[in-house]
Amino acid sequence: MIANERSDNFKDNLKEGFTNLAYESEKTDVNANEQNVNGKVKQDVDFDDIIPQFGNFGKYQIILFLLLGPYTLFFVFVYFTQIFITLIPEKYWCHVPELQHLELEARMNLSIPLIDGEFSKCTMYAVNYTQLLIDNIREPDPTWETQSCVNGFEFDHSEITYTTIATELEWVCENDILPTIAQSLFFLGAITGGLSLGWIADRFGRVPALVGANVVGGAAGIITAFANSFWSFTVCRYFAGFAFDNCFTLMYILVLEYVGPKWRTFVANMCTAIYFGIGALVMPWIAFYVNDWKILTIVLSAPLLFAIFTPWLVPESARWLVSQNKMEKATRIIEKFERVNKKTIPTETFKQFLDTCHRNNEELKDKTYSFFDLFKTPHLRKIALLTIVIYMSTSLVYDGYIRSITTIGFNVFVAFTLASATEFPASFILTFILDKWGRRWLMFGTMGLCALCSLALSFTINGNVIVSVVLMIVGRFFVNCSYNIAQQISAEYLPTVVRGIGVAFIHNLGYVANLLSPVVIYLQSINSSLPFYILTIVGLIGGSAILVLPETMDKALPQTLEDGENFGLDDTFWYPCVKPRKNSDAAE
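This is a predicted model, so every value here is computed, not measured. (Residues numbered from 1 in each chain as written. Predicted model: local features only at pLDDT ≥ 70, side-chain atom pairs only at ≥ 80, totals over all residues. Heavy atoms only, no water.)

**Observations concerning the overall build of the protein**
Summing up its helical and strand segments, the protein has 27 helices and six strands in all. For the protein, buried positions account for 54% of its 588 residues. For the protein, the share of sequence-separated contacts (at least 6 apart) that also reach a separation of at least 24 residues comes to 81%. When the accessible surface of the protein is split by element, carbon and sulfur atoms take 61% of a total near 25,300 Å². (Helix = DSSP H or I, 4+ residues; strand = E, 2+ residues; numbered from the N terminus. Buried < 20%, exposed > 50% of the residue type's maximum accessible area, 1.4 Å probe, protein only. Contact = heavy atoms within 4.5 Å. Areas by Shrake-Rupley, 256 points an atom, 1.4 Å probe, with all protein chains shown as cover.)

Written as structure tokens, this is what we have:
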């Protein structure tokens, strides 16, 4: 077999000192070494050049795409568990033990004051209820003094039928900020996890980091079920946050690195359309039927532990192995792609690939990278900073829409399902138009339309609930599109040598936005329109920022920092809406 011969030859080259064999720097310079027998310059062959040789999207890539499914579901479980275990019913009131034998309407009428025609959630009459019963008084006197709830609360579980930790520990009224703090600390854990796991991904590989993210997140999620106080709960959620995004993104990057440019959009969006879409649709009903917050955390967290089998199922990133000069391991993986896809890379092409990798690695020998390398050169720095702005903006708006749908007084399970139903069409549509219309203008358009929905919501949120729900669903559709594009370009813009830690760094700042989103939605307690003013402004900023960046459609992923610095320098502002003329046309 050619593949086996190549592997044997490669090992022989290693034994003979392949590192020095290809270049003989003492005898000739680099340019001379790039001359083939016919005197023509030998072209560089990088990883994107050999992907078509072993299959842009062959059988093995299809297998990896299918394996992406469980990790995407893990992401859904980690993300939305936080919401469904801290839900608080719309209606609650002070618990008055002395009146528990009365019918609900009678005891609320006697103990709870009316404020603007509605029963107060956080106050009760400061009277002797035992004496009222003895005196057979069943109607309150509006002049009675009131006080905060002294015996806890009662919750209306007609819609949210199970007890959550927020209702169990009564995080309402004076303590209503606690769920927001807990959810924000979850994203703080995501920041810590992203930084550490991004470093692990670039130092030890994508697979070890992927396993670590899921195992830590799964274990912390299971332990959450045993939390019995605010601080024990937040500590558990902090460590569960390690898995947020990282449990999926590392696998997502790995799969994207193995498919051809034409298939990146398909993989990026169809995994969201199918796996994330299905997960988001069934998630509220899992919570509804489990009907117990403790069991729910275990049911949704335990599957993450199956990630320990990843090394036996998922190959390490050959791009990363090449960047680490681990050529023998990279060769074995590439040969496996050839066998499974029934393709063969021409021997000469593969030798040119090895020569290119060797030359690049020699130039980068003894170099280590961090996310600071993204900011050392002007063009790459601009790309990194604007990608951060875009990702933070879309993360805040996306998470804001997810959380706001649970606060408008509509059935939370139905509303969440309707909003989640937009995931599939948004991703499905992008799959077919993103490689025709490009990333930039689609991102600008969808974020702009989402901002319009947010602005409309600021005027309708206190009016018709159905209108607000419709606007939230439409806005969610557009921000789904934007979020998918932002997630894809954050992997496409960055060079391979810093892609793991770079994407992790950008996503970490996205977590900062996620950390702020519960606070933004909490501002509804001050002014119901205020969160949507903020989402409007943030959406406009994020949508406009991408117009300053180059287009990534149909372009090879940058490998080195130099590639990143030169990426898209020839693009025009209107590209790809208006494509530049070819040189021959310009000469005419």
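**What to know about the side chain of Thr72**
Of note, Thr72 is situated in helix H5 (residues 59–84). If we ignore the near neighbours within four places in the chain, the residues touching Thr72 are Phe248, Cys271, Tyr275 and Phe276.

**Some points on the pattern of salt bridges**
Considering all chains together, one arrives at 10 salt bridges under this definition. The salt bridge involving Arg476 is made with Glu423; its shortest N-O contact spans 3.1 Å. One end of the pair, Arg476, is in helix H23 (residues 465–492); the other, Glu423, is in helix H21 (residues 423–437), and 53 residues separate them in sequence. Take Arg476 and Glu423: they sit in the same class, and that class is buried. One salt bridge connects Asp435 with Arg439, and the closest N-O pair in it is separated by 2.6 Å. For Arg439, a relative accessible area of 0% gives the class buried. (Salt bridge = Lys/Arg side-chain N within 4 Å of Asp/Glu carboxyl O.)

**Observations concerning the packing of H5 against helix H12 (residues 246–258)**
As a packed pair, H5 and H12 sit with axes 8 Å apart at the nearest point and diverge in direction by 160°. The pairing of H5 with H12 is recorded here as roughly antiparallel in orientation. Note on packing geometry: the crossing formed by H5 with H12 is left-handed. Note on element contacts: H12 touches H5 through Cys247, Phe248, Met251, Tyr252, Val255 and Tyr258, opposite Gln61, Leu64, Leu67, Leu68, Tyr71, Thr72, Phe74, Phe75 and Val78. Its residues assigned to classes, the contact of H5 with H12 shows 13 nonpolar, two polar and no charged. (Axes fitted to C-alpha atoms, helices over the stretch in contact; angles between N-to-C directions. Parallel < 35°, antiparallel > 145°, perpendicular 65-115°, else oblique. Left-handed = near helix turned anticlockwise from the far one by under 90°. Nonpolar A, V, L, I, M, F, W, Y, C, P; charged D, E, K, R; others polar.)

**Details of the packing of aromatic side chains**
Applying the stated criterion across every chain, the model contains 50 aromatic pairs. Taking 5.5 Å as the distance between ring centres and 40° as the angle between the ring planes, the aromatic pair formed by Phe75 and Phe244 counts as tilted. Here Phe75 is found in helix H5, whereas its partner Phe244 is found in the loop between helix H11 (230–240) and H12, with 169 residues between them in sequence. Phe244 sits in the buried class, given a relative accessible area of 2%. (Phe/Tyr/Trp six-rings, centres within 6.5 Å; stacked < 30°, edge-to-face > 60°.)

**Re unusual backbone geometry**
Of note, the phi angle at Asn325 is positive, near 65°, even though the residue is not glycine. In this structure, Asn325 sits in the loop between helix H16 (318–323) and helix H17 (327–341). Residues other than glycine seldom take positive phi values, yet Lys342 does so here, at roughly 55°. Within the element layout of this structure, Lys342 appears in the loop between H17 and helix H18 (347–363). On the basis of relative accessibility, which here comes to 72%, the residue Lys342 falls in the exposed class.

**As for the state of the cysteines**
Per the counting criterion, the structure on display carries two disulfides. A disulfide bridge connects Cys94 with Cys149, and the sulfur atoms are separated by 1.7 Å. An S-S torsion of about -65° defines the bridge between Cys94 and Cys149 as left-handed. You can see Cys94 sitting in strand S1 (residues 92–94) and its partner Cys149 sitting in the loop between strand S5 (146–148) and strand S6 (153–155), a full 55 residues away along the chain. Assigned by exposure class, Cys94 and Cys149 land together as buried. (Disulfide = S-S within 2.5 Å.)

**Side note on the packing of H21 against H23**
Put simply, H21 and H23 touch, their axes get as near as 9 Å, and they point 50° apart. As far as their axial angle goes, H23 and H21 are oblique. Seen along the crossing, H21 lies across H23 with a hand that is right-handed. Here H21 contributes Glu423, Pro425, Ala426, Ser427, Ile429, Leu430 and Leu434 to the contact with H23, which in turn contributes Arg476, Phe477, Asn480, Cys481, Asn484, Ile485 and Gln488.

**Brief notes about the side chain of Gln487**
With respect to the secondary-structure elements, Gln487 resides in helix H23. Not counting chain neighbours up to four residues away, the residues in contact with Gln487 comprise Asp245, Phe248, Tyr252, Tyr391 and His507.

**Overview of the nonpolar core**
In this structure, Phe47, Phe80, Phe84, Phe244, Ile334 and Phe353 are the most contacted members of the largest nonpolar core, which totals 150 residues. Filtering out sequence-adjacent residues up to four positions away, Phe47 remains in contact with Phe54, Glu257, Tyr258, Ala318, Arg319, Ile334 and Phe353. Counting residues in each nonpolar core, the second largest holds 19 residues, with Trp93, Val96, Leu110 and Val172 among its members. (Core = buried A, V, L, I, M, F, W, Y, C linked by side-chain atoms within 4.5 Å.)

**Focus: helix H6 (residues 104–111)**
Listed as buried for H6 are Arg107, Met108, Leu110 and Ser111. Buried residues of H6, seen end-on, are gathered within an arc of 165° and therefore sit on one face of the element. Contact partners of the buried residues in H6: S1, strand S3 (118–119), strand S4 (123–125), helix H7 (129–134) and S6. (Arc of directions from axis to C-beta.)

**Observations concerning a nonpolar patch on the surface**
Taken together, the side chains of Phe306, Ile308, Phe309, Trp312 and Leu313 make up a nonpolar region of the molecular surface, amounting to roughly 620 Å² of accessible area. As for its position among the elements, Phe309 is in the loop between helix H14 (293–301) and helix H15 (310–313). (Patch = residues over 30% accessible without salt bridge, like charges linked within 9 Å, V, L, I, M, F, W, Y side chains within 5 Å.)

**Focus on the confidence of the model for the protein**
For the protein, the average pLDDT comes to 83, and 89% of its residues sit at 70 or higher. For the protein, the element scoring lowest by mean pLDDT is helix H2 (residues 18–21), at 34; H14 scores highest, at 95. Scored below 50 in pLDDT, residues 1–5 shows four contacts in the model against residues more than four places distant or in partner chains. In the model, residues 583–588 has pLDDT below 50 throughout and makes one contact with residues more than four positions away in sequence or in other chains. (pLDDT = per-residue confidence, 0-100.)

**Structural notes on the environment of Thr249**
Its place among the elements puts Thr249 in helix H12. For the pair Thr249 and Tyr71, spaced 178 residues apart in the sequence, the C-alpha separation amounts to 8.6 Å. Once residues lying within four places of it in the same chain are set aside, the contact partners of Thr249 are Val503 and His507.

**Digging into the environment of Phe477**
Along the chain, Phe477 turns up in helix H23. As a C-alpha pair, Phe477 and Cys450 span 27 residues in sequence and 8.1 Å in three-dimensional space.

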